[in-house]
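Now for the letters of each chain:
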2 protein chains.
Amino acid sequence: MANERIWTAGLLVIGDEILSGRTQDKNISQVALWLNLQGIRLAEVRVVPDVTDAIVEAVNALRRRNDYLFTTGGIGPTHDDITVDAIAEAIGVPVIIHPRARAALEGYYQSRGGLTEARMRMARVPEGAELIENSMSGAPGIRHGNIFILAGVPHIAGLMLEALSGKLEGGRPLISRVVGCWVPESEVADMLASIERAFEGCQIGSYPFFRDGRVGANFVIRSTDAERLDACAAALIAALHAAGREGVIDGI
Amino acid sequence: MANERIWTAGLLVIGDEILSGRTQDKNISQVALWLNLQGIRLAEVRVVPDVTDAIVEAVNALRRRNDYLFTTGGIGPTHDDITVDAIAEAIGVPVIIHPRARAALEGYYQSRGGLTEARMRMARVPEGAELIENSMSGAPGIRHGNIFILAGVPHIAGLMLEALSGKLEGGRPLISRVVGCWVPESEVADMLASIERAFEGCQIGSYPFFRDGRVGANFVIRSTDAERLDACAAALIAALHAAGREGVIDGI
């Protein structure tokens, strides 16, 4: 257990629309949940504007200290779509037209007005890249080494993740159990800390809420080991019961 | 216009629950929208786990290159709430008990079982800090210089932002106009780029969508200058019309 290899990923969300608050990001949780299933832990997220220097710096920081880097956004045909150029600059390779991406776009746009220069932008990739399939639109995602360049539109990013499912090396998936309880978290803070200490490999997070005029909290236990997780959840429920509180499996 | 001072903020979202995908973050857009109204631009966001070293590194990176740093999460009473300690370490000051925070918590918990050691954790601040009021719970937000430490629960973070409204120095608010059009963005990519070039101080973002089996896009124009913004939106609508497309103010 203690020496188990942990695979990590960084996520870079690229887009002025997230930083302006206009668009509510949905890719962080989508990518995080998908990574969990692949046995890869999302270690850090950064959100940067459509500015080359900001993208280059974040790409280099995140790819060097994680097994994988995912990016979302900025791979469309318009002037604010600069992700491919910035990533090519970060890794020090030229941008080329990918023949298969070009062919896919030609097919897609045959009945939609033809492949213009702007549309051809979507066939541009950092040299050495492979494509990530996407059944929804003509524009593919891009893989270059440990970097995965996804669309910003959440359901297209989701299709690209689908195409990658089971293809990345990872460890055991991180799984979780939730114990909910109508208790102020401050009343059971010591209990949570001592149970976490007693179950190595389990982390307990405490997420308070206010609902119907009452306070409660969901305690989320995470581990790669299902047996240990169940034992930890059982210990927490027993401790809550001993304190006169009832814990509910699957949360409140 | 060209020499206008731009005020920026970084945002650090602290919490395993965001990185696990369990919780959909709502603070990024909330903080971004609030900052816009204060005339401050959200320049970068990072999301890090409940790990001291990760928080310290991100705090120092973001506070040094922005006018302001906001953090959300990790200021509750439980063992996973380490934000105050990590920020104190980052700025090199000790953690102390703030007398007014202690008094507020004593009042709040008088009828709720008293002020335990765990609850007292919520009165801990980096030395030199002021409190940010919060009418909802006993636990205050914390201001230390240009760092603003907010709760993770979105509606409590929102109340803390309310308490700060109008109190931070900023520039002119960034405002926007949206022009929607039933057009594939790739068809008008050159038009967008040339209009953006023609209106200095305006940025145009293109956000495509698929709806009812048709493709369209919303073009978001941002500027600190309302007149220029309106002129840019009018020019875009005229150019779309000349290309046989109709643009809709306020978007589709």
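For clarity, every value in this text was computed on a predicted model and none was experimentally measured.

So, how was this worked out
Residues numbered from 1 in each chain as written. Chains lettered and ligands numbered in written order. Predicted model: local features only at pLDDT ≥ 70, side-chain atom pairs only at ≥ 80, totals over all residues. Helix = DSSP H or I, 4+ residues; strand = E, 2+ residues; numbered from the N terminus. Buried ≥ 20, exposed ≤ 12 C-beta atoms within 10 Å, placed from the backbone. Contact = placed C-beta atoms within 7 Å. Least-squares fit on C-alpha atoms with pLDDT ≥ 70 in both. Pairing = 2+ DSSP bridges. Nonpolar A, V, L, I, M, F, W, Y, C, P; charged D, E, K, R; others polar. Axes fitted to C-alpha atoms, helices over the stretch in contact; angles between N-to-C directions. Expected span 1.5 Å × (residues − 1). Arc of directions from axis to C-beta. pLDDT = per-residue confidence, 0-100. Parallel < 35°, antiparallel > 145°, perpendicular 65-115°, else oblique. Left-handed = near helix turned anticlockwise from the far one by under 90°.

**Q** So what's going on with the overall build of chain A? Residues and values would help.
**A** The helix and strand inventory of chain A stands at nine helices and 12 strands. Taken along the three principal axes of its C-alpha coordinates, chain A extends 70 × 45 × 35 Å. Per-residue burial for chain A yields a buried fraction of 52% across its 252 residues. Counting only contacts in chain A whose residues sit at least 6 apart along the sequence, the fraction spanning at least 24 positions is 68%.

**Q** How would you sum up the relation of the copies chain A and chain B? Please name residues and give values.
**A** Each copy of the chain is related to the other by a rotation around an axis and a translation along that axis. Expressed as a screw operation, the relation of chain A to chain B combines 0.0 Å of axial shift with a rotation of 180°, fitting to an RMSD of 0.0 Å. Between the two chains, the operation in question is that of a two-fold axis. Closest to the rotation axis within chain A is the C-alpha of A:Arg46, separated from it by 2.2 Å.

**Q** How would you sum up the environment of B:Ala104? Please name residues and give values.
**A** All names here are of chain B. Relative to the elements of secondary structure, Ala 104 occurs in helix α5 (residues 99-109). Given 20 C-beta atoms within a 10 Å radius, Ala 104 is considered buried. A C-alpha to C-alpha distance of 60 Å links Ala 104 and Arg 245, two positions 141 residues apart in sequence.

**Q** Please provide a residue-by-residue account of the environment of B:Leu174, values included.
**A** Residues and elements named next belong to chain B. Within the secondary structure, Leu 174 is located in the loop between α7 (154-164) and β9 (175-181). Overall, Leu 174 belongs to the buried group, with 20 C-beta atoms counted inside 10 Å. Leu 174 sits 13 residues away from Glu 187 along the chain, and the two C-alpha atoms are 28 Å apart.

**Q** Give a detailed account of the pairing of strand β1 (residues 7-14) of chain B, specifying residues and quantitative values.
**A** Residues and elements named next belong to chain B. Judged by how many residues are buried, β1 sits mostly within the fold: six of eight residues are covered. Looking at chain direction, β1 and strand β2 (residues 40-48) are connected through eight bridges and run parallel. If you follow Ala 9 over to β2, its bridge partner there is Leu 42.

**Q** Would you mind going over the interface of chain A and chain B in detail, with residue names and values included?
**A** Contacts between chain A and chain B engage 47 residues on the former and 47 residues on the latter. Put simply, the parts of the chain that give the side of chain A that touches chain B at least two residues each are α1 (16-19), α2 (27-37), β2 (40-48), α6 (117-120), α8 (189-198), β10 (203-211) and β11 (214-223) of chain A. For the side of chain A that touches chain B, the element with the highest residue contribution is β2(A), accounting for six residues. In terms of residue class, the side of chain A that touches chain B is built from 19 nonpolar, 14 polar and 14 charged. Bridge count for β2(A) against β2(B) is three bridges, and the pairing is antiparallel.

**Q** So what about the sheet that holds β10(A)? Which residues, and what values?
**A** All names here are of chain A. If you walk across this open sheet you meet the four strands as β10-β11-β9-β12, and the pairing is antiparallel. What marks the edges here is a single partner per strand, and that holds for β10 and β12 (247-249). Averaged over all pairs of adjacent strands, the angle between strand axes in this sheet comes to 25°, irrespective of strand direction. In this structure, strand β9 (residues 175-181) lies alongside β12, joined through three bridges in antiparallel fashion. Note that in β12 the partner of Gly 180 across the bridge is Val 248. Running over the sheet, α8 touches β10 and β11 and is turned about 155° from β10. Seen against the sheet, helix α9 (residues 226-242) touches β9, β11 and β12 and runs at an angle of roughly 10° to β9.

**Q** Lay out α9(A) with the relevant residues and their values.
**A** All names here are of chain A. With 17 residues, α9 extends 24 Å between its outermost C-alpha atoms, agreeing within 8% with the 24 Å of an ideal straight helix rising 1.5 Å per residue. Turning to α9, its buried residues are Leu 229, Cys 232, Ala 233, Leu 236 and Leu 240. For α9, the angular spread of buried residues about the axis comes to 100°, placing them on one side. Exposed residues lying more than 90 degrees from the buried face of α9 are Glu 227, Ala 238, His 241 and Ala 242.

**Q** Tell me about the sheet that holds strand β11 (residues 214-223) of chain B, and name the residues and values.
**A** Residues and elements named next belong to chain B. With antiparallel pairing, four strands are arranged side by side in an open sheet as β10-β11-β9-β12. The two strands at the open ends of the sheet, each matched to only one other strand, are β10 (203-211) and β12 (247-249). Taken over all neighbouring pairs, the strand axes of this sheet differ in orientation by 25° on average, direction set aside. Note: β10 against β11, nine bridges, orientation antiparallel. Looking at β11, one finds that Tyr 207 is bridged to Asn 218. Along the sheet, helix α8 (residues 189-198) contacts β10 and β11; its crossing angle with β10, the most-contacted strand, is approximately 155°. Together, β9, β11 and β12 form the strand contacts of helix α9 (residues 226-242), whose direction differs from that of β9 by roughly 10°.

**Q** Pulling in residues and values, what's your account of unusual backbone geometry?
**A** Residue and element names in this part refer to chain A. In the Ramachandran plot, Asp 250 falls in the positive-phi region, its phi being about 75° despite a non-glycine side chain. Tracing the backbone through its elements, the reader meets Asp 250 in the segment after β12. Since 9 C-beta atoms lie within 10 Å of it, Asp 250 is described here as exposed.

**Q** I'd love a proper account of the confidence of the model for chain A, names of residues and values included.
**A** For chain A, per-residue confidence averages 92 on the pLDDT scale, and residues scoring 70 or more make up 98% of the total. Across the assembled chains, the prediction reports ipTM 0.86 with pTM 0.87.

**Q** So what's going on with the packing of helix α3 (residues 52-64) of chain A against helix α4 (residues 83-91) of chain A? Which residues, and what values?
**A** All names here are of chain A. Direction vectors running N to C along α3 and α4 enclose 50°, while the axes themselves pass 9 Å from each other. If you check the angle between α3 and α4, you find them oblique. Relative to α4, α3 is oriented so that their crossing is right-handed. Packed against α3, whose contacting residues are Thr 52, Ile 55, Val 56, Val 59 and Asn 60, the element α4 presents Thr 83, Asp 85, Ala 86, Ile 87, Glu 89 and Ala 90 at the interface.

**Q** Tell me about the environment of A:Ile18, and please be specific about residues and values.
**A** Inspection of the secondary structure puts A:Ile18 in helix α1. Of the residues examined, A:Ile18 has 25 C-beta atoms within 10 Å and is grouped as buried. Taking C-alpha positions, A:Ile18 is 8.7 Å from A:Val48, a pair spaced 30 residues apart along the chain. Setting aside residues no more than four positions away along its own chain, A:Ile18 makes contact with A:Val13, A:Thr23, A:Asp25, A:Val47 and B:Ile28.

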